[in-house]
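Examination of the molecular architecture
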Amino acid sequence: MPNSTPARRAVLGAFGASLVAGLSACAAPESTAPETTTPELSPASASASPEVPGPNGALSVGGEVPPSYSAAPTPTPTATKRIRRTFIPDYQLPPIVGGLAPVITKIETKHPVVFLTIDDGNIKTPESVRLMTDYDYPASLFLTRDTIADNPAFFNAFKAQGSLVENHTVTHNINMVRQWGYQQQLNDIVGMQDYAFQHYGRRPTLFRPPGGAYSNVMRQAVAAAGMKAIITWEAKANAGKMDYQVGNSLRPGDIVLMHFRAEFAADFAAFRAAQLAAGLEVVLLEDFLGVA
């Protein structure tokens, strides 16, 4: 078979070349499209919810009309911790003129802020401390000596979370402006000043009249007791809903009234829902007024 050898060699050579070409093709990198990536969102490109401040009591014994309230539905708030911001006040506390303390019902401000105030101190529950602490809400606590005397130390927990104790008299006599003269009103007010200092180490700078009624005699007594202003309100959280004297939602600069009552949690939820819906920040009234 000598004549077939060259032909066999030619066939084997062709087969080998074909095999090498196939192996080379398998080893070559695949052709791919250019890689695409999704850029990370920068703070500027992330769309944040804008602050949208929205729309939002006392009776002077000289002819002012008692407040009327309109009820508003209460949305369900979500339980998330706030990040507190700092605002440079654009409101100046009016001075004492002619021996009369000013009366403040609402703070005129362009900042998206709201002020929480809580009165009396009758019902003392760990839940109220927990809610104020968990949500980091500072408040002005207008306490009455006769309602807190059974456990004044309870309110130290509120001091620790950033709230301040203010003056709501010794006896909470809602008729004091009609029944008492200057000296008796002064004694009742000063009695709470001394009690607050004894138990909380600070003399109150703000006063809230029992029931909201005030007169020039009371304004004189408040100033003589060393306080800077009488604080009333135009919105309140009550019976698990928000009540407003003006509009149907909270407005920037509103002073909101609450109470230490059995329904504290429901009132707190109503206030928080209204505050979030209005895009407002809860700040301490005393800080904003410069009287902390």
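Above this note sits the structure.
Summary of the structure given here.

Cut-offs and rules
Residues numbered from 1 in each chain as written. Predicted model: local features only at pLDDT ≥ 70, side-chain atom pairs only at ≥ 80, totals over all residues. Heavy atoms only, no water. Buried < 20%, exposed > 50% of the residue type's maximum accessible area, 1.4 Å probe, protein only. Helix = DSSP H or I, 4+ residues; strand = E, 2+ residues; numbered from the N terminus. Pairing = 2+ DSSP bridges. Right-handed = clockwise from strand over helix to strand, strands pointing away. Axes fitted to C-alpha atoms, helices over the stretch in contact; angles between N-to-C directions. Parallel < 35°, antiparallel > 145°, perpendicular 65-115°, else oblique. Left-handed = near helix turned anticlockwise from the far one by under 90°. Contact = heavy atoms within 4.5 Å. Nonpolar A, V, L, I, M, F, W, Y, C, P; charged D, E, K, R; others polar. Phe/Tyr/Trp six-rings, centres within 6.5 Å; stacked < 30°, edge-to-face > 60°. Lys NZ or Arg CZ within 6 Å of the ring centre and 35° of its normal.

**Focus on the pairing of strand 3 (residues 113-120)**
- Taking burial as the measure, the eight residues of strand 3 include eight buried ones, the bulk of the element.
- Bridge count between strand 3 and strand 11 (residues 281-282): two bridges; the pairing is parallel. Residue pairing for strand 11: Val113 is matched across the bridge by Glu281.
- Note that strand 3 and strand 10 (residues 255-259) share five bridges and pair parallel. From the neighbouring strand, Ile118 faces strand 10, where its bridge partner is Met258.
- In this sheet, strand 4 (residues 140-143) lies alongside strand 3 in parallel orientation, the contact comprising four bridges. Directly across from Thr117, in strand 4, lies its bridge partner Ser140.
- Crossover strand 3 to strand 4 through helix 2 (residues 126-134) is right-handed.

**Observations regarding the packing of helix 6 (residues 182-200) against helix 7 (residues 216-224)**
- Where helix 6 meets helix 7, the axes come as close as 9 Å, and the angle between the chain directions of the two elements is 45°. Here helix 6 lies oblique to helix 7, going by the angle between them. As helix 6 runs across helix 7, the sense of the crossing is right-handed. Where helix 6 abuts helix 7, its residues Tyr182, Gln185, Leu186 and Ile189 lie against Val217, Met218, Gln220, Ala221, Val222 and Ala224.
- Of the residues assigned to the contact of helix 6 with helix 7, the class counts are eight nonpolar, two polar and no charged.

**Some details on unusual backbone geometry**
- Look at Asp120: it is not a glycine, yet its phi comes out positive at around 75°.
- The topology assignment puts Asp120 in strand 3.
- A relative accessible area of 10% places Asp120 in the buried class.
- A positive phi is found at Ala239, a non-glycine position, where the angle reads about 55°.
- Mapped onto the fold, Ala239 is located in the loop between strand 8 (235-238) and strand 9 (241-244).

**Description of the pairing of strand 5 (residues 164-167)**
- Side chains Leu164 and Glu166 of strand 5 all project onto a buried face; the interleaved residues Val165 and Asn167 project onto the opposite face, where all are buried too.
- By the bridge criterion, four bridges tie strand 4 to strand 5 in an arrangement that is parallel. Residue Leu141 lies in a different strand from strand 5, and its bridge partner there is Val165.

**Considerations on the packing of aromatic side chains**
- Applying the stated criterion across every chain, the model contains twelve aromatic pairs.
- Arranged with centres 6.0 Å apart and planes meeting at 85°, the rings of Tyr137 and Phe271 form a pair that is edge-to-face. Placement of the pair is Tyr137 in the loop between helix 2 and strand 4 and Phe271 in helix 8 (residues 264-278), with a sequence separation of 134 residues.
- Overall, Tyr137 belongs to the buried group, its relative accessible area being 0%.
- Summarising the aromatic geometry, the rings of Phe264 and Phe268 are spaced 6.3 Å apart at their centres and angled 20° between planes, so their arrangement reads as stacked. Residue Phe264 and its partner Phe268 are located together in helix 8, separated by four residues, close to a single helical turn. Each member of the pair Phe264 and Phe268 is classed as buried.
- An aromatic cluster is defined as three or more aromatic residues linked by ring pairs; in this entry it consists of Tyr135, Tyr137, Phe154, Phe155, Phe158, Phe260, Phe264, Phe268 and Phe271.
- The ring of Phe197 is capped by Arg203, whose NZ or CZ atom sits 4.6 Å from the centre of that ring.
- Above the face of the Phe142 ring, Arg208 is positioned so that its terminal group lies 4.6 Å from the ring centre.

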